[in-house]
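Single-letter residue listing:
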Amino acid sequence: MAATPVSSILERIAAAGKSYEGDERGSRETLIDLGRDLVAALEIPSEFLQRSFWAEPALSAHCKLAVNVKLFQHLRDAGDAGLSLSSVADKTGVETSLLQRIMHHLNAMKLVTFSNGNFYATTLSNGLAEERYQQSIDFCYDVARPSFNGFPKFFKENGYKTPADLRTGPFQAAHKSDLAFFDWLVATPPHLAEFDAFMSAYRAGKPNWYDPGFYPVTERLVEGFEPNNNEVLLVDVGGGRGHDMSMFVAQHPQHPGKVVLQDREPVVASIADKERLPFECQAHDFYTPEPIKGARAYSLHSILHDWDDERGVKILENLKPALTPGYSRVLLNEIVLSEEHPTIAATSMDMMMLAHMSVRERTEADWKEIIEKAGLSFVKVYTYPGVAESVIEAELAEVSQP
Ligand SMILES: C[S@@+](CC[C@H](N)C(=O)[O-])C[C@H]1O[C@@H](n2cnc3c(N)ncnc32)[C@H](O)[C@@H]1O
């Protein structure tokens with residue numbers, strides 16, 4: 001197949017640049033993607049090897065080292081004054097000659113800058129200095145990366161097949177465990193806390209399903225809310241420690257009814273100052289019947305993608321008896337994989353699923369199938385440009401009259 005001419009990519013970059021300056025939705029992500037098209041059109045194999053197998057692995061290893069010695073925080077705190085190599089060495093305890101090489105690589109990879117003898121933070125390194133990104137780096141480096149590194153050996157040994165079970169996948173091989181991923185997280189501190197930080201961080205900076213222009217919360221949830229039916233507006237099933245519900249309430253401070261967060265008992269028990277939260281917390285195992293009946297909506301954010309179809313159907317079947325016909329909505333906030341234009345955000349999450357849960361991201365046809373198997377009906381998919389996850393709305397299927 002003929003390669004895309006560089007001139008055509010440059011023209012599209014110029015057009016996307018104008019959209020970006022005009023603050024158009026999705027234009028930033030389009031520009032990044034076109035930047036990748038440009039690199040793919042220009043890079044020769046030796047450069048590809050160098051970037052993918054030396055430069056990027058060394059970069060992520062240095063990020064983990066930076067977490068250990070608080071490198072990004074020291075650079076952030078120095079602000080516009082920057083820090084000399086010897087000051088960074090004093091603050092981090094890393095030997096100067098080793099540090100110099102690490103800092104040069106971070107500079108070459110554009111994570112820090114260097115001028116007039118000093119190193120400076122960037123917007124990106126300042127972002128990574130935040131606690132939730134520091135914990136995410138720990139999770140990605142210590143938990144996810146060994147699973148990916150083990151792919152070739154694991155698949156060679158299992159005959160190049162999709163892992164059949166959520167207890168015998170690449171994650172278990174890498175971490176020498178026979179526990180399912182979520183059980184291992186609970187049993188292996190501090191990875192549960194790191195994973196929760198990762199969940200709140202990996203999509204941060206992107207619009208959420210309840211933000212303007214995404215899912216129409218007012219029209220679909222607030223209008224038609226019946227306080228007499230049930231006091232509950234929204235239940236976040238498997239909502240972690242509530243990062244979604246905190247932001248939902250902040251975005252919709254005038255919302256009617258109650259908002260409830262549900263997750264497994266150890267997760268709910270680990271939430272600090274529950275009484276101060278603007279929502280209720282409830283321990284609930286979604287493999288048991290949903291205890292809150294007749295809420296206006298039940299949101300399941302990145303839940304079904306963790307499970308195979310059989311278990312996904314079970315989760316929905318446990319929700320089904322709680323739904324009020326013609327009133328309760330089920331909102332699956334999930335990636336809808338495009339076969340024609342798969343994005344890195346979608347396929348890298350698919351790889352995370354393959355590595356840790358032995359499951360997959362789903363296409364729209366897959367979503368329809370799982371929803372219908374559970375006896376619900378597929379209503380509509382809501383999307384937002386540049387955002388990987390869509391909202392798939394479902395409801396109780398109409399029972400046909402005899
Ligand atoms: C991928 S995380 C998604 C968290 C949150 N909804 C989000 O999108 O950030 C999956 C969540 O499902 C929860 N979970 C796993 N098994 C569960 C179960 N049997 N019952 C309830 N929650 C469960 C985990 O504790 C975790 O918080």
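Being a predicted model, the structure only gives us computed values, none of them experimental.

Along the chain, the regular secondary structure elements total 18 helices and ten strands. Compactness check: the chain gives a C-alpha radius of gyration of 23 Å against a globular reference of 21 Å for 402 residues, within 12% of the reference. Every one of the 402 residues in the chain was classed for burial, and the buried ones make up 45%. For the chain, long-range pairs separated by at least 24 residues make up 66% of all intrachain contacts whose partners lie at least 6 apart in sequence. Total accessible area on the chain is roughly 20600 Å²; 55% of this is exposed by carbon and sulfur atoms. Computed over 38 positive and 56 negative side-chain charges, the separation of the two mean positions in the chain equals 3 Å.

With the exception of glycine, most residues fall at negative phi, and the peptide bonds are largely trans. Residues proline 189 and proline 190 are joined by a peptide bond in cis, for which omega reads 5 degrees. Within the fold, proline 190 resides in the loop between helix H11 (181–187) and helix H12 (191–201). Within the chain, aspartate 273 stands out as a residue other than glycine whose phi angle is a positive 50 degrees. Tracing the backbone through its elements, the reader meets aspartate 273 in the loop between helix H15 (265–269) and strand S6 (280–283). Residues other than glycine seldom take positive phi values, yet serine 302 does so here, at roughly 55 degrees. You can see serine 302 is positioned in the loop between strand S7 (297–301) and helix H16 (309–319).

One can find glutamate 364 in helix H18 (residues 364–373). Spatially, the C-alpha atom of glutamate 364 lies 8.5 Å from that of valine 381, the residues being 17 residues apart in sequence.

This next bit is on the pairing of strand S5 (residues 258–263). Looking along a regular strand, one sees the side chains alternate between the two faces of the sheet. Burial analysis of S5 places five of its six residues in the buried class, which makes it a mostly covered element. In this view, the connection linking strand S4 (residues 232–237) to its parallel neighbour S5 by way of helix H14 (residues 243–251) has right-handed handedness. Here S5 runs beside S6; their pairing, made up of four bridges, is parallel. Bridging from a neighbouring strand, leucine 261 pairs with cysteine 281 of S6.

Bringing the packing of helix H3 (residues 45–69) against helix H4 (residues 71–78) into the picture now. Following both chains from N to C, one finds H3 and H4 inclined at 70 degrees, their axes separated by 5 Å at the closest point. Between H3 and H4, the interaxial angle falls into the category roughly perpendicular. On H4, the residues that touch Cys63, Ala66 and Val69 of H3 are Leu71, Phe72 and His74. Among the residues forming the contact of H3 with H4, the class breakdown is five nonpolar, one polar and no charged.

Per the domain assignment, the segments of the chain are domain 1 (6–126), domain 2 (131–201) and domain 3 (217–396). Inter-centroid distance (C-alpha atoms) of domain 1 to domain 2 is 26 Å. At the junction of the two partners, domain 1 supplies eight residues and domain 2 supplies six residues. When domain 1 packs against domain 2, the two sides together hide about 650 Å² of surface, and 54% of this comes from carbon and sulfur. Taken together, domain 1 and domain 2 are joined by two salt bridges.

Positionally, asparagine 118 belongs in strand S3 (residues 118–120). The exposure class assigned to asparagine 118 is buried, which follows from its relative accessible area of 18%. Reaching out from asparagine 118, the side chain makes a polar contact with the backbone oxygen of alanine 81 at a distance of 3.1 Å. When residues no more than four places from it in sequence are discounted, the contact partners of asparagine 118 are Ala81, Gly82, Leu83, Ser84 and Thr113.

Time to look at the pattern of salt bridges. Side chains that differ in sign of charge can pair as their charged atoms come close. Overall, the coordinates contain 22 salt bridges when judged by the stated rule. Across the salt bridge formed by aspartate 138 and lysine 64, the nearest N and O atoms sit 2.7 Å from each other. A residue pair is termed long-range when its members are at least 10 positions apart, and aspartate 138 in helix H8 (residues 131–149) and lysine 64 in helix H3 qualify at 74 residues. Classification of lysine 64 by relative accessible area gives buried; the value is 14%. A salt bridge links aspartate 366 to arginine 360; the shortest N-O distance between them is 3.7 Å. Overall, the relative accessible area of 35% leaves arginine 360 in the partly exposed class. Each of the salt bridges in this network shares a partner with another, and the network as a whole consists of Asp309, Arg360, Arg362 and Asp366.

Here is what the cut-offs are and how they apply
- Note that residues are indexed from 1 along each chain, following the sequence as it is written.
- Given that this is a predicted model, residues contribute local features only at a pLDDT of at least 70 and side-chain atom pairs are listed and counted only at 80 or more, while totals for whole chains, interfaces and linings are drawn from all residues.
- Excluded from the side-chain calculations are hydrogens and water; all other atoms, namely the structure's heavy atoms, are used.
- Every helix listed is a DSSP run of H or I at least four residues long, and every strand listed is a run of E at least two residues long, numbered separately from the N terminus.
- Using C-alpha atoms as the atom set, the radius of gyration is obtained and then compared with a globule rule of 2.2 Å times the number of residues to the power 0.38.
- For every residue, the accessible area obtained with a 1.4 Å probe (protein chains only) is divided by the maximum for its type, and the residue is called buried under 20%, exposed over 50%, and partly exposed between those limits.
- The contact rule is simple, with two residues in contact once any of their heavy atoms fall within 4.5 Å.
- Accessible surface area values rest on a Shrake-Rupley calculation with a 1.4 Å probe, where residue burial reflects the displayed protein chains alone.
- When charges are counted, neither His nor the chain ends are considered; positive counts come from Lys and Arg and negative counts from Asp and Glu.
- Every charge is mapped onto a representative atom, which is NZ of Lys, CZ of Arg, CG of Asp or CD of Glu.
- We call a crossover right-handed when, viewed with both strands directed away from the observer, the connection leading from the first strand over the helix to the second proceeds clockwise.
- Whether two strands pair depends on DSSP finding at least two bridges between them.
- As a rule, the C-alpha atoms of each element are fitted with a line to give its axis, helices using only the stretch in contact, and angles between N-to-C directions run from 0 to 180 degrees.
- Orientation labels follow simple angle bins: below 35 degrees gives roughly parallel, above 145 gives roughly antiparallel, 65 to 115 gives roughly perpendicular, and whatever is left gives oblique.
- Any residue that is not Ala, Val, Leu, Ile, Met, Phe, Trp, Tyr, Cys, Pro, Asp, Glu, Lys or Arg is counted as polar, Gly included; the first ten are nonpolar and the last four charged.
- Where a domain begins and ends is set by an automatic assignment or by a domain database.
- By buried area we mean the combined loss of accessible area, with a 1.4 Å probe, across both parts when two parts are placed together.
- Salt bridge, as used here, is a side-chain nitrogen of Lys or Arg placed within 4 Å of a carboxyl oxygen of Asp or Glu.
- Contacts described as polar in this section are N or O atom pairs within 3.5 Å, which, within protein, must combine one atom able to donate a hydrogen with one able to accept it, while residues neighboring in sequence count only if both atoms come from side chains.

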